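Results of the structural survey
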Amino acid sequence: MANDADLLEVVRLLDNACKEAGFFYVKGHGITESLMKEVRDVTRKFFQLPYEEKLKIKMTPQSGYRGYQRIGENVTKGKPDMHEAIDCYTPIRPGKYGDLAKPMEGSNLWPENPTNFEELLENYINLCRDLSRKIMRGIALALGGAIDAFEGETAGDAFWVLRLIGYPVDIPEEQRTDTGCGAHTDYGLLTLVNQDDDICALEVQNRSGEWIYATPIPGTFVCNIGDMLKVWSNGIYQPTLHRVVNNSPRYRVSVAFFYESNFDAAIEPVQFCREKTGGAAKYEKVVYGEHLVKKVLTNFVM
């Protein structure tokens, strides 16, 4: 690989993007633009169904926090978000992680309509997992590690989260807040965002504190790094605050795939990143599953 100039250039660009922005676009990734659009279209069709139909897969604590949530049920920093969503997680069989994952044990709730929903999304999830693993190999090289640095106990059995999100525009005045999703960083290693091509709504805070659009580029994923990568890299890479403000007069769809560490992984600054940053660990060890469960239990109003 040391003699592969094209690969080295991609790794250099990846390193620069993670250090300077925490966000980047990925193209030439092998997932067809038609499939990306089909996933958005089937998501939109579900959200267009009558409310009673959507409630058939309603998220509850008993469902392992999987399923459909209404507008305002997702909360960011205490404020209701103006979106509806379906939340999906890696299936967890009872007892697999002991008490650690108990609140989230279960399988995903797939709607019966549209009829191709489950098959399409299962295929899409597998493709996103493969793509994310490849990007994480590039990030490992960019940090100066081995290509398989995120395999094994760190992310060899990577947990994933999928959120299918709809941002309506016809929200009653008494219910409305100004953001579709409040400012936050993501919890895991890497996020792939598949957003509508023709609506600017995803905003990223740049280094000057300004909010700028992650303008849609057809056929690309908007990617961003998360909290676990910050800890693992000892702060060399920092996740970036982002939010969604849908000022468009049209309904917006976004499908976010979150590639995480192993659910029970204890993430701490890795030795070679500590050596690059003065030797001391800047962050305490974090068990990813504990981090996620704590967020999930405080993110929803039901």
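Residues numbered from 1 in each chain as written. Predicted model: local features only at pLDDT ≥ 70, side-chain atom pairs only at ≥ 80, totals over all residues. Heavy atoms only, no water.

Our working definition: UniProt positions are given in the numbering used here, feature names are shortened, and annotations may be inferred rather than shown by experiment.
For the protein, an unreviewed UniProt entry supplies the name Fe2OG dioxygenase domain-containing protein and the organism Digitaria exilis. You can read under Cofactor (unreviewed entry) in the UniProt record for the protein the words "L-ascorbate".

**Concerning the environment of E268**
Our working definition: A run of H or I in DSSP counts as a helix once it spans at least four residues, and a run of E counts as a strand once it spans at least two, with each numbered from the N terminus. Only protein chains enter the calculation, and the probe is 1.4 Å; a residue is then buried if its accessible area is under 20% of its type maximum, exposed if over 50%, and partly exposed in between. Contact criterion: two residues are considered in contact whenever any of their non-hydrogen atoms come within 4.5 Å of each other.
Structurally, E268 can be placed in the loop between β14 (266-267) and α7 (271-276). According to the relative accessible area criterion, E268 is partly exposed, its value standing at 41%. On a C-alpha basis, the gap between E268 and A281 in space is 8.0 Å, while along the polypeptide they are 13 residues apart. When near neighbours in sequence (up to four residues on either side) are disregarded, E268 contacts V231, W232 and K285.

**A closer look at the packing of aromatic side chains**
For the record, the criterion: Each aromatic pair joins two rings of Phe, Tyr and Trp (for Trp, the six-membered one) with centres within 6.5 Å, and gets the label stacked for planes under 30 degrees apart, edge-to-face for over 60, and tilted for any other angle. Remark: a charge is flagged as sitting over a ring if the NZ atom of Lys or the CZ atom of Arg is within 6 Å of the ring centre and within 35 degrees of the ring normal.
A full pass over the atoms with the stated rule returns 14 aromatic pairs. Ring geometry for F47 and Y68: centres 6.4 Å apart, planes at 45°, overall tilted. Of this pair, F47 sits in helix α2 (residues 33-47) while Y68 sits in strand β2 (residues 67-69); the two residues are 21 residues apart in sequence, bridging distant segments of the chain. Each member of the pair, F47 together with Y68, is buried. With a centroid separation of 6.1 Å and an interplanar angle of 50°, the aromatic rings of W110 and F117 are classed as tilted. Each residue in the set F46, F47, Y68, W110, F117 and Y251 is aromatic and connected to the rest through ring pairs, giving one cluster. One Lys or Arg, R243, reaches over the ring of W211 and ends 4.2 Å from the middle of that ring.

**As for the sheet that holds strand β10 (residues 211-213)**
Applied cut-off: Each pair of strands is called paired provided DSSP finds at least two bridges between the two strands. Under this scheme, a helix contributes an axis fitted over its contacting stretch, all axes are lines through C-alpha atoms, and angles between N-to-C directions fall in the 0 to 180 degree range.
Reading across the sheet, the four strands line up as β7-β12-β9-β10 and stay open at both edges, with antiparallel pairing between neighbours. The strands lining the two open edges of the sheet, one partner per strand, are β7 (181-184) and β10. Going from strand to strand, the sheet's axes swing by 25° on average, the running direction of each strand aside. Alignment of strand β9 (residues 202-205) against strand β12 (residues 242-244), held across three bridges, turns out to be antiparallel. Bridge pairing links E203 to R243 in β12.

**Focus on the sheet that holds strand β13 (residues 252-259)**
Across the sheet, which stays open at both edges, the seven strands sit in the order β1-β11-β8-β13-β6-β5-β2 with antiparallel pairing between neighbours. On the outer flanks of this sheet lie β1 (23-26) and β2, each paired with one strand and no other. The sheet shows a mean angle of 20° between the axes of neighbouring strands, direction not considered. The sheet contact formed by strand β5 (residues 84-89) and strand β6 (residues 160-167) spans six bridges and is antiparallel. Bridging from a neighbouring strand, E84 pairs with G166 of β6.

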